[in-house]
2 protein chains.
Amino acid sequence: RMQSSRSKPCSCPSLKLREVASMYFTMVAAFLVILVVALQGSVPRESDFPYKVPLDPQGLLELSWNVSYPEQAVHFQLLVRELRFGLLFGMSDRGEFENADLAVLWSDGHNSYFGDAWSDAKGQLHLDSQQDYQLLGARRAPEGLYLLFRRPFSTCDPKDYLIEDGTVHLIYGILEKPVHSLQAINISALHGGLQRVQLLKPNISIPELPSDMKTMEITAPDVVIPSQETTYWCYVAELPAGFPKHHIIMYEPVVTAGNEALVHHMEVFQCAAEFDSFPHYNGPCDSKMKPDRLNYCRHVLAAWAMGAQAFYYPEEAGLAFGGPGSSRYLRLEIHYHNPLVFKGRRDSSGIRLYYTATLRPYDAGIMELGLVYTPVMAIPPGEDNFILTGYCTDKCTQLALPAAGIRIFASQLHTHLAGRKVVTVLSRDGRERQVVNADGHYSPHFQEIRMLKEVVAVFPGDELITTCTYNTEDRSRATVGGFGILEEMCVNYVHYYPQTQLELCKSAVDPGYLHRYFNLVNRFNDEEICMCPQVSVPQQFYSIPWNTFNRDVLKSLYAFAPISVHCNKSSAVRFPGEWEKQPLPSITERLPEPVPHCPPAPGPQPAVPVPLKLGELRRD
Amino acid sequence: RMQSSRSKPCSCPSLKLREVASMYFTMVAAFLVILVVALQGSVPRESDFPYKVPLDPQGLLELSWNVSYPEQAVHFQLLVRELRFGLLFGMSDRGEFENADLAVLWSDGHNSYFGDAWSDAKGQLHLDSQQDYQLLGARRAPEGLYLLFRRPFSTCDPKDYLIEDGTVHLIYGILEKPVHSLQAINISALHGGLQRVQLLKPNISIPELPSDMKTMEITAPDVVIPSQETTYWCYVAELPAGFPKHHIIMYEPVVTAGNEALVHHMEVFQCAAEFDSFPHYNGPCDSKMKPDRLNYCRHVLAAWAMGAQAFYYPEEAGLAFGGPGSSRYLRLEIHYHNPLVFKGRRDSSGIRLYYTATLRPYDAGIMELGLVYTPVMAIPPGEDNFILTGYCTDKCTQLALPAAGIRIFASQLHTHLAGRKVVTVLSRDGRERQVVNADGHYSPHFQEIRMLKEVVAVFPGDELITTCTYNTEDRSRATVGGFGILEEMCVNYVHYYPQTQLELCKSAVDPGYLHRYFNLVNRFNDEEICMCPQVSVPQQFYSIPWNTFNRDVLKSLYAFAPISVHCNKSSAVRFPGEWEKQPLPSITERLPEPVPHCPPAPGPQPAVPVPLKLGELRRD
């Protein structure tokens, strides 16, 4: 009865609010002009921004940055070599221009503005109500315009990208024409692209380097970069005869000046010791002329990807190379990314190894975690996030690890083209304890070896659980596990010390239970899938009619069926024991989801573009 | 290389911060004393708090409140009739004292304090870092102490309870001894309890009532409330002979003064027209003396539960009663909740019907949505949130609803004891459009008829999807659908107009597909479950070994298998058409999750208890 008085319509306050807001913004803008002019005096030193990456293949946009963990923020310095009428810079889930979080500099030809914006699912730009890209300064220099700005890792604004560990997909776009407002920018007509980086570099201290340290450069011998978008170049190098055992304690990229935007990633592999010699090949890796024997050069010694810096081994450990029992042959592989199809560029990039004859206390080792390469682990077609999990069980670590445990200090995640996320978690007594490495924006095109923020100690009886998330929306048949580029893998190569005999600790579903699944699908769906044993597992997967029931039950199978564990000294030699039909590790306690920090008060700047004193911008 | 300088340990600022904070809090506290004294002058009127409910069975704590939708906040007025050394008031998921969000008034015998607190999973109290229960005033009166405070619906503090539509479990506790701090309160030793209310009453306008309106009270005839915790009392009333058709347009509770805390809920049912007469029973509903024929009095005319107010029909509609073709017999059922086992209390509570002979344009009707009462819909034991879904399909609404559609204005959710959540969503062309009614803290002990915030229009071809969530953690065998108290239901009784022939629009899984499930479980698990047709569906469910695979596959079955649809004129008469093996409605677009509003700036008060001038409190 008392409710009627409260249901009267009320007058809408939005108009008045708008007027007040407008006055307020005018005042704020006036203040900011003064602020920006003042900021232009400060010239940041290069050491303020230790990380650097070119954004576009021409190198017109160059990003430097640093990470402040106390402030939970990234400081960016963007060098714009030839400013036209502005640019977009930002981040999105996988590098798309829709649903992106953007810092935008735009000009109407007379005045220039900077603002924090977001793009919706259709690519339409909107000024963000909370300005979290905070402009710190803008400065003209002979080489171009420097923009300095800051972004907290998390902003608690649902329109904003959350900066996390692992891969970040940076996007950029160049405005070729003046625009009268942010909303007028047509994102589909932009000249732009994406660049992947690990934005949150770990804040680890550099171990002291020994005085007897020597260097060796494994570099391409003045290669002419092919005029095609993608080239994998293979070059075989050789250690001197009688080269004794050394420890690699650090390595860093050597990139030919001017090719910074073309050299996408590089790896140095050691060849197999079982062969006395390898041909001195120098050419594309996919050439018909490439000798087959180079397929036996797969043991990773060093890996670098764009945006990565030098890699340091922990002070107690080094990666052994040279000496008896190891091959003298090394294979350098360089991925050239040349989307603008430059012709005749010459390149001598590669990796510089820093090594010492004074061996450190421990040899470092590499262990493979995740899934066995087998078709029994499959992903139905048309899935947007299908999860497969590989287990390194307590039984295996109990048998193979020393009582004092091992220390994992770096990790390289690996899947084929459908991989979207990879995470490895350490579990002890059924309780998840620590994330070993996680990448929620993983890309198969960006497989760096990453130093871990924290060294992870693994003891006998611990479990290492590696989970990969796949997207098969563009595929029409099942994707099975295997070596092929259209088959899938789920691997975490962990770098650790002291080296043990355990090279491989992986799993796959028990094949007998998978057979029960095929039978079940067959009976439940009244379909005639040939269950004859002569039909291969991939063929059986390809013939499944993928309705929701068959999809769900495959997930249930993988979450329930016992596993076959590969607890191996090498890919062919298992540790002694019973490894078939092992129970799945049970997890009774999960790690809590991280709660993002919101930026501390005083909060972000108001939602108004910041005018910049850049003078008039002209068309060419 | 530049990283080493940034890894130095820094001195911990916590001690200094604490000193500064302490000074700050002292100043704030001093200010608040003045504020509280000032606030005590304002005396709120009763009409400021239109909703009222006793919290404890003795009526020592009485809560009144109002809801401000513009402010997105609830204002509480708590009357404490006999203040001891303080009290707790708050909310939690299902009325438990752990993980609760609490306003606490406590006294050390000399000084009293008010603060916003939360209890952890062990029941330990903590002062909340964000004070979202905002004290507005405290006032001594002859009847007791009035505490006035305010709580936003949502606070964006993860420790706080989110006030949503539907049931809210209020909890209270009385401090019998002085305590020196909030942390010293032993929650397990408290005298306390819970009370369920719909806190967010809909803000709907009251339709105008006609001048020829009459009233009729269906009340208990001076019943002596039995001295036991729970009594369902049954009383049969009779309409006058020749009573013509009227429209009930409103009803309200009549509760005997002093029994406010004992009368838990009341319902008026109309008996079946097929019987000419019903015995005039007056006694407990579970008595052996109760005539069986009263089981035919199940058509709900009116329902009220504690904390509810008057129920109004929309101005175009009324609930028909009287006239030819309807029974003259009504059954009143009262649930007395008497946990303190008072003896000899007399009660004449009931429901007052407001009706008119001037019929409104439309008869109102009641339609049953959800699941058919059949054992084929089952919940495995040991589940903490198992979901079952019942469908009212497009095919049924196409056939049974008028082209102009129907308007749902009220809803009563119903499950048996394992029910924890119920929600009905309207879907059109595969897209979810609107929540009809949702209760995320549903309790089978609190089944009000609730007026909807917004009337929901349903047209031919629409789908009404009702989802119930169950908890069977305390059960050791499967819970099947059915009428029994340990069987389950999933029903939404929707009140709508104009009345149609469609009384029941529900579904259940196709029994043939369930049979395939039993076969599949049998084969996959190598178990010997008797699949003989003479074994009943409940027996088959009871014999399943409930591993994760069998649980998951049952979920997959319910999400995939075709359904049997009950599109009925009455429980026995179907509309013509094919209703077996119907496809599940497919949903291509879900309603977005609501994003909670955070309280607008200026933000909540600092984390410091507010001192109250209550004078010294004494023990009895």
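Residues numbered from 1 in each chain as written. Chains lettered and ligands numbered in written order. Predicted model: local features only at pLDDT ≥ 70, side-chain atom pairs only at ≥ 80, totals over all residues. Heavy atoms only, no water.

As recorded by an unreviewed UniProt entry, chain A carries the name Dopamine beta-hydroxylase and is attributed to Chaetorhynchus papuensis. Under the UniProt heading Catalytic activity (unreviewed entry), the note attached to chain A is "dopamine + 2 L-ascorbate + O2 = (R)-noradrenaline + 2 monodehydro-L-ascorbate radical + H2O". As stated in UniProt under Sequence similarities (unreviewed entry), the record for chain A gives "Belongs to the copper type II ascorbate-dependent monooxygenase family." (UniProt positions renumbered as here; feature names shortened; annotations may be inferred.)

**Q** Any chance you could break down the relation of the copies chain B and chain A for me, citing the residues and the numbers?
**A** When chain B is fitted to chain A, the best match, at an RMSD of 0.1 Å, comes from turning it 180° and sliding it 0.1 Å along the axis. In short, the pair behaves as if placed about a two-fold rotation axis. When you check the interface residues of chain B against chain A, 100% turn up at the interface there too, and the contact is symmetric in its surfaces. (Least-squares fit on C-alpha atoms with pLDDT ≥ 70 in both. Contact = heavy atoms within 4.5 Å.)

**Q** Please set out a nonpolar patch on the surface residue by residue, giving values where relevant.
**A** Side chains of Leu-417, Ile-485 and Leu-486 of chain A sit close together on the surface and give an oily, nonpolar patch of about 290 Å² of accessible area. As for its placement among the helices and strands, Leu-486 of chain A is situated in the loop between strand S33 (479-480) and strand S34 (491-497). (Patch = residues over 30% accessible without salt bridge, like charges linked within 9 Å, V, L, I, M, F, W, Y side chains within 5 Å. Areas by Shrake-Rupley, 256 points an atom, 1.4 Å probe, with all protein chains shown as cover. Salt bridge = Lys/Arg side-chain N within 4 Å of Asp/Glu carboxyl O. Helix = DSSP H or I, 4+ residues; strand = E, 2+ residues; numbered from the N terminus.)

**Q** Describe the confidence of the model for chain A, with residues and values.
**A** Residues and elements named next belong to chain A. Confidence along chain A averages 87 in pLDDT terms, with 88% of residues attaining 70 or more. Across residues 1-43, where pLDDT falls below 50, the model places 41 contacts with residues more than four positions away in sequence or in other chains. Scored below 50 in pLDDT, residues 601-605 shows seven contacts in the model against residues more than four places distant or in partner chains. The ipTM, which scores confidence in the relative placement of chains, is 0.74 for this predicted complex, and the corresponding pTM is 0.81. (pLDDT = per-residue confidence, 0-100.)

**Q** So, the packing of aromatic side chains: which residues are in play, and what are the values?
**A** Think of a pair of aromatic rings as described by two things: how far the centres are apart, and how the planes are tilted against each other in angle. Residue and element names in this part refer to chain B. Applying the stated criterion across every chain yields a total of 54 aromatic pairs over all chains. Ring plane angle 80° and centroid distance 5.5 Å describe the contact between Phe-321 and Tyr-355, whose orientation is recorded as edge-to-face. Here Phe-321, found in strand S20 (residues 317-321), pairs with Tyr-355, found in strand S23 (residues 350-356); they are 34 residues apart in sequence, far enough to count as distant. Sitting over the face of the ring of Tyr-51, Lys-201 holds its NZ or CZ atom 5.9 Å from the ring centroid. One residue, Lys-395, lies across the ring of Trp-579, its end atom 5.4 Å from the ring centre. (Phe/Tyr/Trp six-rings, centres within 6.5 Å; stacked < 30°, edge-to-face > 60°. Lys NZ or Arg CZ within 6 Å of the ring centre and 35° of its normal.)

**Q** Let's hear about the sheet that holds strand S28 (residues 406-414) of chain B: which residues, and what values?
**A** All names here are of chain B. With respect to topology, six strands assemble into an open sheet ordered S31-S28-S34-S25-S35-S36, the strand pairing being mixed. Among the strands making up the open sheet, the edge pair consists of strand S31 (450-458) and strand S36 (563-568). Taking each pair of neighbouring strands and ignoring which way they run, the sheet shows an average axis angle of 25°. Examined bridge by bridge, strand S35 (residues 504-509) and S36 share six bridges and lie antiparallel to one another. From the neighbouring strand, Lys-506 faces S36, where its bridge partner is His-566. (Pairing = 2+ DSSP bridges. Axes fitted to C-alpha atoms, helices over the stretch in contact; angles between N-to-C directions.)

**Q** For the side chain of Asn-338 of chain A, give the residues involved together with the corresponding values.
**A** Residues and elements named next belong to chain A. Within the fold, Asn-338 resides in the loop between strand S21 (329-337) and strand S22 (346-347). Asn-338 gets classed as buried once you look at its relative accessible area, which sits at 1%. Within the local environment of Asn-338, its side chain forms a polar contact with the backbone nitrogen of Phe-342, the two atoms lying 2.9 Å apart. When near neighbours in sequence (up to four residues on either side) are disregarded, Asn-338 contacts Ile-225, Pro-226, Ser-227, Gln-228, Glu-229 and Leu-262. (Buried < 20%, exposed > 50% of the residue type's maximum accessible area, 1.4 Å probe, protein only. Polar contact = N/O pair within 3.5 Å; in protein donor to acceptor, adjacent residues only side chain to side chain.)

**Q** So what about the domain arrangement of chain A? Which residues, and what values?
**A** All names here are of chain A. Per the domain assignment, the segments of chain A are domain 1 (51-199), domain 2 (208-360) and domain 3 (366-510 + 564-593). Taking the mean C-alpha position of each, domain 2 and domain 3 sit 26 Å from one another. Listed by partner, the interface residues are 15 residues for domain 2 and ten residues for domain 3. At the junction of domain 2 and domain 3, the tally comes to zero salt bridges. Inspection of the region where domain 2 meets domain 3 yields one residue pair in polar contact (both at pLDDT 80 or more). Of all the elements in the fold, those that place two or more residues in the side of domain 2 that touches domain 3 are strand S16 (263-270), strand S18 (299-305) and strand S19 (311-312). Ranked by residue count, the leading element in the side of domain 2 that touches domain 3 is S18, at three residues. (Domains from an automatic or database assignment.)

**Q** Please provide a residue-by-residue account of the sheet that holds strand S17 (residues 282-284) of chain B, values included.
**A** Residue and element names in this part refer to chain B. With respect to topology, five strands assemble into an open sheet ordered S17-S14-S21-S16-S18, the strand pairing being antiparallel. Across the chains shown, the open sheet's two edge strands, defined by having one partner strand only, are S17 and strand S18 (299-305). Going from strand to strand, the sheet's axes swing by 15° on average, the running direction of each strand aside. By the bridge criterion, seven bridges tie strand S16 (residues 263-270) to strand S21 (residues 329-337) in an arrangement that is antiparallel. Considered in S21, the bridge of His-265 is made with His-335.

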